[in-house]
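Letter by letter, the chains look like this.
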Amino acid sequence: NQHCRLSIQVHPYAGNRRMLLTRDVTSLEQAEAMRRDFVANVSHEIRTPLTVLAGFVETLQNLPLDADERARYLHLMSQQSHRMETLVNDLLTLSRLEGSSAPPPNRWIRVRALLAQCEDEARGLSSRLSQQGHRLSFTMEADTEIAGVSTELQSAMSNLVSNALRYTPPGGEVTVLWRLLPDGRGEFSVRDTGPGIAAEHIPRLTERFYRIDRSRSRETGGTGLGLAIVKHIAQRHGAELRIESKVGEGSRFTLVFPVTRLRRTPAVSAVA
Ligand code: ADP
């Protein structure tokens, strides 16, 4: 293996003889490099809004601004603080998820409630992103419950819907569907008519801070941690995260949940 890294140590051994100890340190070095990258990324992500904030404070202190200009600067400062807060919250969520290997409690969560909250958030976000908004559709084919932690499930689903909206230009279409597969598993999917993702990026999207278009991500309030969080939540629930996409056509992100149970209500209903 040409990428293998060996550590070689020479130790005295019986008289004049020497003992050669070799150890494969490839994975240790890789882990250390990943840790260094992560710390560098976090520092960079926090420094950027901090520098902007410091600049605004200086301007407010030193320039004679009228009330409108002051209000504008304060608004920009509040955006930057909000961005730092989101980043720190995402980092805490990720570290909590990575630090706990315990399986999530198996409580039954009603999908209808999860979808309704996704829809509320989506309509709010879509109108904040553009006046024109998006064509949004939410459909629930079966009134189901899934086993898991409600806050985590909500966060994973909302993350996928928010990404679809943030990367799809105004006027585009975002379609959210919950359905049961023939084998009884439950499928949550979010399809968009956005830019699509080239095949070489797809396997890396769930890495922390991996972003295809850094500025688009920042402009729309992204931290680069969303899909890493979704991946961890999916793993804790035994769910599978699938990403399908075609450049120029759009993307489809799917979570497939293994444990579901049907509620005794009509089979097809739109989430109100
Ligand atoms: P971010 O906060 O940057 O959105 P994520 O981890 O949620 O971070 O996503 C990682 C990257 O994957 C994004 O920066 C973006 O480049 C790409 N991405 C995610 N969802 C979509 C989507 N629906 N359409 C196109 N690109 C997407």
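Look up: the structure comes first, before these words.
Values in this document were obtained by computation on a predicted structure and should not be read as measured data.

What counts, and where the lines are drawn
For every chain, the first residue of its written sequence is number 1, and the numbers climb from 1 along that sequence. Owing to the predicted nature of the model, reporting of local features is limited to residues with pLDDT of at least 70; listing and counting of side-chain atom pairs is limited to 80 or more, with chain, interface and lining totals taken over all residues. No hydrogens and no water enter the side-chain calculation; it runs on all heavy atoms of the structure. The rule for a residue being near a molecule or strand is that one of its heavy atoms must lie within 4 Å of it. Whenever two N or O atoms come within 3.5 Å, that pair is a polar contact, provided that in protein one can donate a hydrogen and the other can accept it, and provided that, for residues adjacent in sequence, both atoms are side-chain atoms. Shrake-Rupley sampling with a 1.4 Å probe provides the accessible areas, and residues are treated as covered by the protein chains on show and by no other component. Think of it this way: any DSSP run of H or I at least four residues long counts as a helix, any run of E at least two long counts as a strand, and we number them from the N terminus. Residues are grouped as follows: nonpolar covers Ala, Val, Leu, Ile, Met, Phe, Trp, Tyr, Cys and Pro; charged covers Asp, Glu, Lys and Arg; every other residue, Gly included, is treated as polar. Pairing between two strands requires that DSSP report at least two bridges joining them. Only Phe, Tyr and Trp rings are paired, with Trp represented by its six-membered ring, and only when their centres lie within 6.5 Å; those with planes under 30 degrees apart are stacked, over 60 edge-to-face, the remainder tilted. Burial classes: relative accessible area under 20% of the type maximum marks a residue as buried, over 50% as exposed, and values in between as partly exposed (1.4 Å probe, protein chains only). A pair is scored as a salt bridge if a Lys or Arg side-chain nitrogen falls within 4 Å of a carboxyl oxygen belonging to Asp or Glu. Multiplying 1.5 Å by the residue count of a helix minus one yields the expected span of that helix. Every residue pair with non-hydrogen atoms within 4.5 Å of one another is taken to be in contact.

(A) Region of the structure containing the site of the ligand. In the vicinity of the ligand lie 20 residues, with Tyr-167, Ser-217, Thr-223, Gly-224 and Leu-227 positioned nearest. Between the ligand and Arg-166 there is a distance of 2.9 Å, counted from an oxygen atom to a side-chain nitrogen or oxygen. Contact distances for the ligand include 2.8 Å between an oxygen atom and a backbone N or O atom of Gly-224. About the coverage of the ligand: the protein hides 97% of its 530 Å² of free accessible area. Of all the elements in the fold, those that place two or more residues in the shell around the ligand are helix H4 (150-167), helix H6 (226-236) and strand E9 (250-257). Broken down by class, the residue content of the shell around the ligand amounts to nine nonpolar, seven polar and four charged.

(B) Broad picture of the pairing of strand E2 (residues 18-24). Both strand E1 (residues 6-12) and E2 contribute to a ladder of seven bridges, which runs antiparallel. Note that in E2 the partner of Leu-6 across the bridge is Asp-24. What sits between E1 and E2 in their antiparallel hairpin is a turn of five residues, with Ala-14 showing a positive phi close to 40°.

(C) Expanded view of the packing of aromatic side chains. In the structure shown here, the tally under the stated rule is three aromatic pairs. Both rings, one in Phe-56 and one in Tyr-73, keep their centres 5.3 Å apart while their planes meet at 80°; by these two values the pair is edge-to-face. Remark: Tyr-73 occurs in helix H2 (residues 67-99) and Phe-56 occurs in helix H1 (residues 26-62); sequence separation between them is 17 residues. The burial state of Phe-56 is the same as that of Tyr-73; both residues are buried. Arranged with centres 6.2 Å apart and planes meeting at 45°, the rings of Trp-178 and Phe-257 form a pair that is tilted.

(D) Quick look at the pattern of salt bridges. A complete count under the given rule lists 21 salt bridges for this structure. Among the salt bridges present, the one from Glu-119 reaches Arg-123, with a minimum N-O distance of 2.8 Å. Taken together, the residues Glu-119 and Arg-123, both in helix H3 (residues 111-129) and four residues apart, mark about one turn of the helix. Accessibility expressed as a relative area gives 13% for Glu-119, which makes it buried.

(E) A look at H2. Along its 33 residues, H2 runs 47 Å from first to last C-alpha, staying within 8% of the 48 Å computed at 1.5 Å per residue. Elements in contact with the buried residues of H2: H1, H4 and H6. The opening residue of H2, the one whose side-chain oxygen lies 3.1 Å from the backbone nitrogen of Asp-68, is Asp-66.

Function cannot be read off these values alone, since they describe shape.
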